[in-house]
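Topology and contacts: notes
Spelled out from the first residue to the last, the chains are:
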Amino acid sequence: MPTYTWPHAHLAHALTEQLKFSTLAEGRVTTQVPRERVYPLLVVQEAGLGRLGTDAAIQADEPRLQIDAWAESKQEAQALAAQVFRLLDARFNGALKDTVLLTGDESHPGDFYQIKVERIARSGGGDPYFDEHARAWRVTSYYEVKVNL
C-alpha cells in the first residue's frame, strides 16, 4: 500500500471527496461534467498552474483549480459557490489550510496520494451566469492551492 506525495494528478479528486456531502450538491461532486446532469452540481477540474506565470519550476507547488457550481436558479448557484468558498478559502476559520488530504487511486487499489495543503485561496471568478448550452445557472470560480511538496 504505497503512498505518493506528488499531488498534482489527484488534487481535484481529493477536493471532490472533501466537498461531497458538505454543500447543497450533496454527493453530486465530480471531476468531469456528466452527460446527464442533476442539479445542484459541483465540478472540480484542474486549470493549470498558479499566478506567477507559465514556469512550472517556479509554481509547481501552487496548482490552480476551476470549480463550477451549477443549479437551476441563480440564487442556488450563488449559494453553492458561496458554500465552496467558505469551505476552502484560507481567509475563513475552519477552511482547508495546513491539512493533509489522502485519496485512493481507483485504477490501482491500495495506492494512495497524499496532498499537504498549506492554503487555498480563490483567485478569480465568482460571478453567476446562465449557461445556454446546459440551460442552467453556473458560477465558475478559480482557486490556487498552495501545497507542500
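Structural data are supplied above this passage.
Residues numbered from 1 in each chain as written. Predicted model: local features only at pLDDT ≥ 70, side-chain atom pairs only at ≥ 80, totals over all residues. Heavy atoms only, no water.

**Focus on the overall build of the protein chain**
Tallying secondary structure elements over the protein chain gives 3 helices and 7 strands in all. For the protein chain, the sequential pattern of α-helices and β-strands runs β-α-β-β-α-β-α-β-β-β. Within the protein chain, contacts between residues at least 6 apart in sequence are counted, and of these 54% link residues at least 24 apart. About 8100 Å² of surface is accessible on the protein chain, with carbon and sulfur atoms providing 48% of the total. (Helix = DSSP H or I, 4+ residues; strand = E, 2+ residues; numbered from the N terminus. Contact = heavy atoms within 4.5 Å. Areas by Shrake-Rupley, 256 points an atom, 1.4 Å probe, with all protein chains shown as cover.)

**Details of the environment of Val117**
In this structure, Val117 sits in strand 6 (residues 112-131). Relative accessible area serves as the criterion here: at 1%, Val117 is assigned to the buried category. (Buried < 20%, exposed > 50% of the residue type's maximum accessible area, 1.4 Å probe, protein only.)

**A look at the side chain of Thr16**
Locating Thr16 in the fold gives a position in helix 1 (residues 11-19). Classification of Thr16 as buried rests on a relative accessible area of 5%. Not counting the four nearest positions on each side in its chain, Thr16 is found in contact with Val29, Thr30, Thr31 and Val44.

**Comments concerning the packing of aromatic side chains**
This structure, assessed with the given rule, holds 2 aromatic pairs. When the centroid spacing of 5.1 Å and the interplanar angle of 90 degrees are considered together, the rings of Phe85 and Phe92 count as edge-to-face. For Phe85, a relative accessible area of 16% translates into the label buried. Aromatic side chains Phe130 and Trp137 sit 5.5 Å apart centroid to centroid with 70 degrees between the ring planes, which places their arrangement in the edge-to-face category. A relative accessible area of 22% means that Trp137 is categorised as partly exposed. The ring of Trp70 has Arg37 lying over it, and the distance from NZ or CZ to the ring centre is 5.1 Å. (Phe/Tyr/Trp six-rings, centres within 6.5 Å; stacked < 30°, edge-to-face > 60°. Lys NZ or Arg CZ within 6 Å of the ring centre and 35° of its normal.)

**Examining the nonpolar core**
In terms of nonpolar packing, the biggest core is built from 28 residues, with Leu15, Leu42, Val44, Leu88, Ile120 and Val145 touching the most fellow members. Contributing elements (two or more residues each) for this core: helix 1, strand 3 (41-49), strand 4 (63-71), helix 3 (74-88), strand 6 and strand 7 (136-147). When residues in this core are grouped by element, the largest group, 6 residues, is from helix 3. Membership of the second largest hydrophobic core comes to 6 residues, among which are Tyr39, Val43, Ala134 and Ala136. (Core = buried A, V, L, I, M, F, W, Y, C linked by side-chain atoms within 4.5 Å.)

**Some words on the environment of Ser123**
Structurally, Ser123 can be placed in strand 6. The partly exposed category is assigned to Ser123, whose relative accessible area is 34%. C-alpha of Ser123 to C-alpha of Glu144: the two residues are 21 residues apart in sequence and 6.3 Å apart in space. Not counting residues up to four positions away in its chain, the partners in contact with Ser123 are Arg64, Tyr142, Tyr143 and Glu144.

**What about the pairing of strand 7?**
Walk down a regular strand and you will see the side chains alternate between the two sheet faces. A large share of strand 7 lies buried, amounting to 10 of its 12 residues. The pairing of strand 4 with strand 7 spans 8 bridges and is classified as antiparallel. Bridge pairing links Leu65 to Tyr143 in strand 7. Across 11 bridges, the pairing between strand 6 and strand 7 is antiparallel. Paired with Arg119 across the bridge in strand 7 is Lys146. Between the antiparallel neighbours strand 6 and strand 7 lie 4 residues, among them Arg135 with a positive phi of about 60 degrees. (Pairing = 2+ DSSP bridges.)

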